[in-house]
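Summary of structural features
Here are the chains, one letter per residue:
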Amino acid sequence: TQGVSSAASDVYKRQILIYALLIGCDNSEKKIEEVNLYSQRHYKVDEKQYENFTKKTGIKVNVIKANADELIERLKNEGENSPADLFVSVDAGKLQKGANLGLFQKVSNRVIENNVSKDLLDKNGFWIPITYRARIIVYSNDRVKKEDLSTYEDLSHEKWKGRILVRSSSNAYNQALMSSIVANLGSDVASKWSNAVVQNFARDPKGSDRDQVKAIAAGQGDIAIVNSYYIGLLLSSQKEEELNAGKAVSVFFPNQNDRGSHINVSGIGLTKNSPNKENAIKLMEYLTSEEAQNTYVNNSYEYPANPMVKPSKIVQDWGEFKRDNLDLNNLGIYRDEALKIFDKTGWK
Ligand code: FE
């Protein structure tokens, strides 16, 4: 019986070994494929993009949303232990800031580089663009003639006294615009400009870009400085108030006879210690692909970073425009100077 029992125990041991191996294999197969985003973007289209990506690849996309400075702070504090793979921002200035703090690693990937316009790429290789937007002037169809508009600089003219609507200087879009003016024209010119523009305000800055357009429709001012896609969002809105606001104004691209209109990108940086780097790069490739770029333009009315894709019909109707080809890292480099100017000139 001794021999039988020993043989049985051998079989038993072998079975345990096989189970252990199976469990081992099973565990490694169950490792979740995922990618972790820290995102400043606040648009519905993003969820759609990530769902489409997951359907295609099986890679789960986890998103933490907050404002850019909070996310940068978080990346800094988490250091090497950060779960984040990608930092997504609506401002090249914040991407420059993250890169400058050493939070990102360079990405050199032929698929992505072939997907996007060369002039929108970061010259240092630390971030990639996914969309871009122009900070434009919109004007009342009833009270302003197109011929009265020309440049951002012209907004300092006294003919605009009591007529300009714009949001607060605490907003990143305005900070980027002011940074571009400092970078292009210098601090002194930018200060004088800001001072005069503040004198022309229709009211103290308040509300969002969309609220400035609504204020034009309500007769509280005649022109506003806003991001281009908000006009697309208003014109495609189901809400009557928004639709009417969109219809009350026309789009004007400033500085078409000189440097071009100020643009900013929405873009992505790959974190320095990205734990899911392969998946992160796959997502960057996907978001710059024609398929995803079409999803962006038709839902958020931004301009595509991929030149093979056309803007949405609504946006195409505004016509093509010349964009300021300033190195967009300047939007980060001159940020502090821009804040000083806002403060000094009383742009609330
Ligand atoms: Fe926005």
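Quick look at the structure, then. Since the structure is predicted, the reported quantities are computational estimates derived from the model, not experimental observations. (Residues numbered from 1 in each chain as written. Predicted model: local features only at pLDDT ≥ 70, side-chain atom pairs only at ≥ 80, totals over all residues. Heavy atoms only, no water.)

Right, let's get into helix α4 (residues 92–100). Extensive coverage of α4 is indicated by the burial of 7 of its 9 residues. Within α4, the full set of buried residues consists of Ala-92, Gly-93, Lys-94, Leu-95, Gln-96, Gly-98 and Ala-99. The secondary structure elements touched by the buried residues of α4 are α3 (68–78), β3 (86–89), β4 (104–105), β9 (263–271), α14 (330–333) and α15 (335–345). At the exit of α4 stands Gly-102, carrying a positive phi of roughly 75 degrees. (Buried < 20%, exposed > 50% of the residue type's maximum accessible area, 1.4 Å probe, protein only. Helix = DSSP H or I, 4+ residues; strand = E, 2+ residues; numbered from the N terminus. Contact = heavy atoms within 4.5 Å.)

With that settled, consider the environment of Ala-183. Mapping Ala-183 onto the fold places it in helix α6 (residues 172–185). Here Ala-183 is in contact with Leu-326, Asn-330 and Tyr-334, once residues within four sequence places are set aside.

Let us now look at the environment of Arg-74. One can find Arg-74 in helix α3. Taking the C-alpha atoms as reference points, Arg-74 and Tyr-38, 36 residues apart in sequence, are found 9.3 Å from one another. Ignoring any residue separated from it by four or fewer positions in sequence, one finds Arg-74 in contact with Tyr-38 and Ile-64. Separated by 3.4 Å, the side chains of Arg-74 and Tyr-38 make a polar contact. (Polar contact = N/O pair within 3.5 Å; in protein donor to acceptor, adjacent residues only side chain to side chain.)

So, on to the coordination of the iron ion. Geometry sets the ideal angles at a metal, namely 109.5 degrees for four tetrahedral donors and 90 or 180 degrees for six octahedral donors. Protein coordination at the iron ion comes from Tyr-43 (OH), Tyr-173 (OH), Tyr-229 (OH) and Tyr-230 (OH), with a distance range of 2.0 to 2.1 Å. Coordination at the iron ion is irregular: its 4 donor atoms span angles of 80 to 141 degrees at the metal. Donor residues for the iron ion, ordered by position in the chain, follow Y-x129-Y-x55-Y-Y. Placement of the pair is Tyr-173 in helix α6 and Tyr-230 in helix α9 (residues 228–235), with a sequence separation of 57 residues. The class for Tyr-173 is buried, based on a relative accessible area of 7%. Judged by its relative accessible area of 5%, Tyr-230 falls in the buried class. (Donors = N, O, S within 2.8 Å, 3.2 Å for Na, K, Ca; no water. Tetrahedral: all angles 85-135°; square planar, octahedral: opposite > 155°, others 65-115°.)

Looking now at the environment of Arg-110. Within the secondary structure, Arg-110 sits in helix α5 (residues 110–115). When the C-alpha positions of Arg-110 and Leu-287 are compared, they lie 14 Å apart, and in sequence the two are 177 residues distant.

Among the nonpolar cores identified, the biggest contains 73 residues, and Val-35, Leu-86, Val-138, Ile-231 and Leu-283 are the most heavily contacted of them. Excluding its chain neighbours within four sequence positions, the residues that come into contact with Ile-231 are Ile-136, Val-138, Val-213, Val-226, Val-249, Val-251 and Trp-318. Listed in part, the 25 residues of the second largest apolar core include Tyr-152, Leu-155, Ile-181 and Phe-201. (Core = buried A, V, L, I, M, F, W, Y, C linked by side-chain atoms within 4.5 Å.)

Here the focus is the packing of helix α2 (residues 45–57) against helix α11 (residues 277–287). Remark: α2 packs on α11, axes separated minimally by 11 Å, with the N-to-C direction vectors making an angle of 120 degrees. The chirality of how α2 crosses α11 is right-handed. For the pair α2 and α11, the contacting residues are Gln-49, Tyr-50, Asn-52, Phe-53 and Lys-56 in the first and Asn-279, Lys-282, Leu-283, Tyr-286 and Leu-287 in the second. Within the contact of α2 with α11, the residues separate by chemical class into 5 nonpolar, 3 polar and 2 charged. (Axes fitted to C-alpha atoms, helices over the stretch in contact; angles between N-to-C directions. Left-handed = near helix turned anticlockwise from the far one by under 90°. Nonpolar A, V, L, I, M, F, W, Y, C, P; charged D, E, K, R; others polar.)

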